[in-house]
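Listed below are the residues making up each chain.
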Amino acid sequence: MMINGTSKVCGVMGCPVEHSISPMMHNYYSEQIGNDMIYVPFLVQKNAVGEAVKGAFALHVQGINVTVPHKQAVMEYLCELDEGARAIGAVNTLVRTPKGYKGYNTDGEGLLRAIKEAGMDISGRACILLGAGGAAKAAAYVLCREQASRVYILNRSPEKAQALAEEMNRLFGRSVCLGLSLSDWGSIREDHCLAVQTTSVGMYPGPAQAPVEEPAFYQKLDMAFDAIYTPMETRFLKLAKEAGAKTANGLGMLIYQGVAAYELWNPGVKLSDEVIAGARELMLRHLEGQAR
Ligand code: ATR
């Protein structure tokens, strides 16, 4: 890959950012399709988000992904917000405009495409969302928008689940979400559910735990999606699989939020399934290498 004076610069800002595999993915896309763009990591401390955005604009950076812990804090430094990002209340992608950066949230689209790719469906289905943090907001938005019949939001802190449920019910104008405590899963009467796991429980290097341990919970599920991809099979997915559910980890979501961002930064570019499959292969090899 040749970097020269015309190369478009994009990157990811977060803290920490060293573990990010987004540079691998985006630079692979540019290499494969012959696009003169490079993508680099930007380590940005919590108190430096505003300066970072201003500096990036001055340096003519074309696009930036925003990751933990800046997805909400970055919003006040943008000139415009996409409708979905506004509704979700978090931004993961900045796109340069003449006036400043416009904020988007491609996490929801990434999740939706990954769920569909895994052969899972949302429309008319009862869904169980575990977690009520940033990732859960994007998931709740997509589940409601895609016509889930009901979304049970389970969280360790039930007041956060209730607040998210109320926010979504207001946004969509129907009582579709219900906020509950994790331990209240037994009050869900429905079966054949799709579960979307967005808590950090079970993520490497933490212990191999699941937010709900009781095997009976998993009997309610036909499908289970975990936003975590390290490890590739969390205890949550293992328990769901043992109960006979179809499962998928978060690698697809990571890949497709990246595809959506890449296409926003490069108008007219549509990444092919073949190129996306190549990136997945590369990332899988990297993650498997790490796990060894
Ligand atoms: P993200 O942006 O990745 O969603 P976050 O906003 O910090 O991260 O949210 C983390 C989620 O994981 C929250 O739902 C959190 O529950 P609380 O709202 O009760 O804090 C959940 N979480 C983190 N550690 C947990 C644990 N040990 N048990 C259960 N839930 C946990």
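Residues numbered from 1 in each chain as written. Predicted model: local features only at pLDDT ≥ 70, side-chain atom pairs only at ≥ 80, totals over all residues. Heavy atoms only, no water.

1. Structural notes on the site of the ligand
Thinking step 1. Around the ligand, 13 residues are found, and the nearest of them are Ala135, Asn155, Arg156, Ser157 and Lys160.
Thinking step 2. In the model, an oxygen atom of the ligand is placed 3.0 Å from a nitrogen or oxygen of the alanine 132 main chain.
Thinking step 3. Measuring from an oxygen atom of the ligand, one finds a side-chain N or O atom of arginine 156 at 2.8 Å.
Thinking step 4. Starting from 650 Å² of accessible surface for the ligand in isolation, the protein chains cover 65%.
Thinking step 5. Considered class by class, the residues forming the shell around the ligand number four nonpolar, seven polar and two charged. (Near = heavy atom within 4 Å. Polar contact = N/O pair within 3.5 Å; in protein donor to acceptor, adjacent residues only side chain to side chain. Areas by Shrake-Rupley, 256 points an atom, 1.4 Å probe, with all protein chains shown as cover. Nonpolar A, V, L, I, M, F, W, Y, C, P; charged D, E, K, R; others polar.)

2. A look at the packing of aromatic side chains
Thinking step 1. Counted by the stated rule, this structure contains eight aromatic pairs.
Thinking step 2. When the ring of tryptophan 185 is compared with that of phenylalanine 217, the centres are 5.7 Å apart and the planes differ by 75°; the resulting orientation is edge-to-face. Highlighted residues: tryptophan 185 in the loop between β9 (177-181) and β10 (193-197) and phenylalanine 217 in helix α7 (residues 215-218), separated in sequence by 32 residues. No difference in accessibility class separates tryptophan 185 from phenylalanine 217, as the two residues are buried. (Phe/Tyr/Trp six-rings, centres within 6.5 Å; stacked < 30°, edge-to-face > 60°. Helix = DSSP H or I, 4+ residues; strand = E, 2+ residues; numbered from the N terminus. Buried < 20%, exposed > 50% of the residue type's maximum accessible area, 1.4 Å probe, protein only.)

3. Topic: the environment of leucine 264
Thinking step 1. Mapped onto the elements of the fold, leucine 264 is located in helix α9 (residues 251-265).
Thinking step 2. It is 9.2 Å that separates the C-alpha atoms of leucine 264 and tyrosine 104, two residues lying 160 residues apart in sequence.
Thinking step 3. For leucine 264, the residues in contact, after removing those within four places along its chain, are Thr93, Val95, Tyr104 and Thr106. (Contact = heavy atoms within 4.5 Å.)

4. Topic: the sheet that holds strand β5 (residues 93-97)
Thinking step 1. Taken in spatial order, the six strands of this open sheet run β2-β1-β3-β5-β6-β4, and their pairing is mixed. Where the open sheet ends on each side, the last strands, each with one partner, are β2 (37-43) and β4 (80-81).
Thinking step 2. When strand β1 (residues 8-14) meets β2, the two strands line up parallel, connected through seven bridges. The residue of β2 that forms the bridge with glycine 14 is leucine 43. (Pairing = 2+ DSSP bridges.)

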